Amino acid sequence: MTKNRLEAFSDGVLAIIITIMVLEFKVPNDTTFESVLKLSHKFLSYILSFIYVGIYWNNHHHMLHTVKTVNGKILWANLHLLFWLSLIPFTTAWIGEHHFAPFPMMLYGIVLLMNAIAYFILQNTIIANHGKDSILSKALGKDFKGKVSVVLYIIAVILTKYYTLISGILYIIVAIMWLIPDKRIEKILKEEN
């Protein structure tokens, strides 16, 4: 099986996720600056989640460039990732609506953590299908950023009960870590060609 259907389906799901997030915004009843200011928590949560979905889309796209064939395990691992990504709009709306309250922030972090774990599972499923000498395996190496992200998510989730602001900062730090373009896959693909 080729990767084209997997990639097209994933792109469609990610586009729907972003659409659902933006539909959470309701137009204010009046036309004042204050009415928009009241939506600031929703805007901030949307911006962070949009960045996260964008990061996953970008990295998923790069990862699929290393894939030659797809099997059932890869399809299921990809669906597992899409499931956790599909929960981002719910947790985004909840933290925005309740001004980053502790329990919604904890659930947001758990969803982010599960996305990272699901992505890790998908990576390893692809590597298992293509071998330890595959392009993806070479590109990932020890996957320092992936491991640090999981640790930061766990710390952030634990801290939400006491230090919600620190948890939010940790979520932002992980996003910034991944916003910096990761050239590992592109570099290996150039070397292979």
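Computed from a predicted model, the values in this text were never measured in an experiment. Here the residue index of a chain counts from 1 through its sequence in written order. Two thresholds apply to this predicted model, a pLDDT of at least 70 for residue-level local features and 80 or more for giving and counting side-chain atom pairs, whereas whole-chain, interface and lining totals are computed over all residues. Each side-chain value is derived from all of the structure's non-hydrogen atoms; neither hydrogens nor water enter the calculation.

A. The overall build of the protein chain, seen in detail. Scanning the protein chain from N- to C-terminus turns up 10 helices and 0 strands. Strands are runs of DSSP state E lasting at least two residues, helices are runs of H or I lasting at least four, and both sets are numbered from the N terminus onward. Beginning at the N terminus, the succession of helices and strands in the protein chain can be written as α-α-α-α-α-α-α-α-α-α. As a reference, a globule follows 2.2 Å times the number of residues to the power 0.38, and the radius of gyration itself is taken over C-alpha atoms. Here the C-alpha radius of gyration of the protein chain, 18 Å, is about what a compact globule of 193 residues would show, namely 16 Å. Each principal axis of the C-alpha distribution contributes one length, and for the protein chain these read about 55 × 35 × 30 Å.

B. Representation of the side chain of T125 in the model. Positionally, T125 belongs in helix 6 (residues 102-130). Between buried and exposed lies partly exposed: a residue is buried under 20% and exposed over 50% of the maximum accessible area for its type, with that area taken using a 1.4 Å probe on protein chains only. For T125, a relative accessible area of 16% gives the class buried.

C. Representation of the side chain of S149. Inspection of the secondary structure puts S149 in helix 8 (residues 144-159). For S149, a relative accessible area of 3% corresponds to the buried category. Under the rule applied, a polar contact is a pair of N or O atoms within 3.5 Å (in protein, one hydrogen donor and one hydrogen acceptor; residues adjacent in sequence only if both atoms are side-chain atoms). In this structure the side chain of S149 is engaged in a polar contact, spanning 2.7 Å, whose partner is the backbone oxygen of K145. At a separation of 2.7 Å, a polar atom in the side chain of S149 contacts the side chain of W178. The contact rule is simple, with two residues in contact once any of their heavy atoms fall within 4.5 Å. The contact partners of S149, leaving out residues within four places of it in the chain, are V174, M177 and W178.

D. Spotlight on the pattern of salt bridges. Salt bridges are identified by distance alone: a Lys or Arg side-chain nitrogen within 4 Å of an Asp or Glu carboxyl oxygen. Counted by the stated rule, this structure contains 1 salt bridge. K42 is paired through a salt bridge with E97; the nearest N and O atoms lie 2.8 Å apart. Placement of the pair is K42 in helix 3 (residues 40-64) and E97 in helix 5 (residues 88-97), with a sequence separation of 55 residues. On the basis of relative accessibility, which here comes to 42%, the residue E97 falls in the partly exposed class.

E. Fine view of the confidence of the model for the protein chain. Every residue is assigned a pLDDT by the predictor, reflecting its confidence on a scale from 0 to 100. When pLDDT is averaged across the protein chain, the result is 91; 97% of the residues are at 70 or more. Averaged pLDDT values for the elements of the protein chain fall to 72 in helix 10 (residues 184-192) and rise to 97 in helix 4 (residues 72-86).

F. Spatial organisation of the packing of helix 3 against helix 5. At a minimum axis separation of 8 Å, helix 3 and helix 5 run at an interaxial angle of 155 degrees. With respect to helix 5, the element helix 3 is oriented roughly antiparallel. The interaxial crossing formed by helix 3 with helix 5 has right-handed handedness. When helix 3 is examined against helix 5, the residues H41, K42, S45, Y46, S49 and V53 are found in contact with a partner set consisting of I88, T92, I95, G96 and E97. Polar here means any residue other than Ala, Val, Leu, Ile, Met, Phe, Trp, Tyr, Cys and Pro, which are nonpolar, and Asp, Glu, Lys and Arg, which are charged; Gly is therefore polar. For the contact of helix 3 with helix 5, the per-class residue count stands at 4 nonpolar, 5 polar and 2 charged. Orientation is described by axes fitted as lines to C-alpha atoms, over the contacting stretch for helices, and by angles from 0 to 180 degrees between their N-to-C directions. Roughly parallel means an angle under 35 degrees; roughly antiparallel means over 145; roughly perpendicular covers 65 to 115; every other angle is labelled oblique. In this scheme the crossing of two helices becomes right-handed for a clockwise turn of the near helix relative to the far one and left-handed for an anticlockwise turn of less than a right angle.

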